[in-house]
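Structural description and commentary
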Amino acid sequence: AQKVTQAQTEISVVEKEDVTLDCVYETRDTTYYLFWYKQPPSGELVFLIRRNSFDEQNEISGRYSWNFQKSTSSFNFTITASQVVDSAVYFCALRGGGNYGQNFVFGPGTRLSVLP
Amino acid sequence: DTAVSQTPKYLVTQMGNDKSIKCEQNLGHDTMYWYKQDSKKFLKIMFSYNNKELIINETVPNRFSPKSPDKAHLNLHINSLELGDSAVYFCASSHPPGNEQFFGPGTRLTVL
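It should be emphasised that the depicted structure is a prediction, and the values quoted were computed from it without experimental measurement. (Residues numbered from 1 in each chain as written. Chains lettered and ligands numbered in written order. Predicted model: local features only at pLDDT ≥ 70, side-chain atom pairs only at ≥ 80, totals over all residues. Heavy atoms only, no water.)

**Digging into the packing of aromatic side chains**
Going by this rule: The rule is short: rings of Phe, Tyr and Trp, with Trp giving its six-membered ring, pair when the centres are within 6.5 Å, and they are stacked under 30 degrees, edge-to-face over 60, tilted in between. The secondary structure listing takes helices from DSSP runs of H or I that are at least 4 residues long and strands from runs of E that are at least 2 residues long, numbered from the N terminus. When accessible area is computed with a 1.4 Å probe and restricted to protein chains, residues below 20% of their type maximum are described as buried, those above 50% as exposed, and intermediate ones as partly exposed.
Tallied over the entire structure, the rule returns 22 aromatic pairs over all chains. On the numbers, 5.4 Å between centres and 85° between planes, the contact of Y37 of chain A with F103 of chain B is edge-to-face. Taken as a pair, Y37 of chain A in strand β5 (residues 33-39) and F103 of chain B in strand β10 (residues 102-103) lie in two separate chains rather than in one. For Y37 of chain A, a relative accessible area of 0% translates into the label buried. Relative to F106 of chain A, the ring of F91 of chain A has its centre 6.2 Å away and its plane inclined at 85°; by these criteria the two rings are edge-to-face. With F91 of chain A in strand β10 (residues 88-95) and F106 of chain A in strand β11 (residues 104-106), this residue pair connects regions lying 15 residues apart in the sequence. The exposure class assigned to F91 of chain A is buried, which follows from its relative accessible area of 0%. Aromatic rings pair up to connect F35, Y37, F47, F91, F104 and F106 of chain A together with Y33, Y35, F90, F102 and F103 of chain B into one cluster.

Listed below in structure tokens is the structure:
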């Protein structure tokens, strides 16, 4: 069975601090995909990144970076120099085997509050 | 250029009523989904359709019935609404199936 754990329910930081959101996953599939989504207070779900299980390279996009480590089944997300606009609920998600998007599981989310 | 759209955005109704939520995507994706997000923000997949064919049907009461008239549309009909159905319902699409999903803006359903 697929499972995604985001142990941090809520995090508060002050603007310009760096913050890391943890994501730990469980799957028996050898091929799988990991995702991060952002849900700002306005409510929409915004896709941030997809990472394939066979590609462990870390990714950087502006102030965002992702650290994928298969050895610890983790796919952590770091925001550098956080800003108030980063305040949102962030979801980590996992898609395992299946050809049609079966086993697409979301973690419970981490609510990030960036204070001015 | 709205990629995935849903109507209505808000839906307030009485228990026992029947209601529908419509979803349309203009991304050319073959696969569409319905998710339910509860008050604690937990997201759970309800249904998935690939090219108008039902692929995933999670443990959802049979009062919920999806309909896909074509691969760009996936509607959700709910019969005999109950208080526990109050939630935000998201439509999404992806291509190929299983890749990142693009979500609609959500429909906030409130059952009184």
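More follows now that the structure is in view.
**Brief notes about unusual backbone geometry**
Keep in mind that most residues, glycine aside, have a negative phi and that most peptide bonds are trans. The peptide bond linking T7 of chain B to P8 of chain B adopts the cis configuration, its omega dihedral lying at -5°. Here P8 of chain B lies in the loop between β1 (4-7) and β2 (10-13). Residue K16 of chain A is not a glycine yet carries a positive backbone phi of 85°. Relative accessible area serves as the criterion here: at 69%, K16 of chain A is assigned to the exposed category. The phi angle at A81 of chain A is positive, at roughly 50°, despite the residue not being glycine. Positionally, A81 of chain A belongs in the loop between β9 (74-79) and β10.

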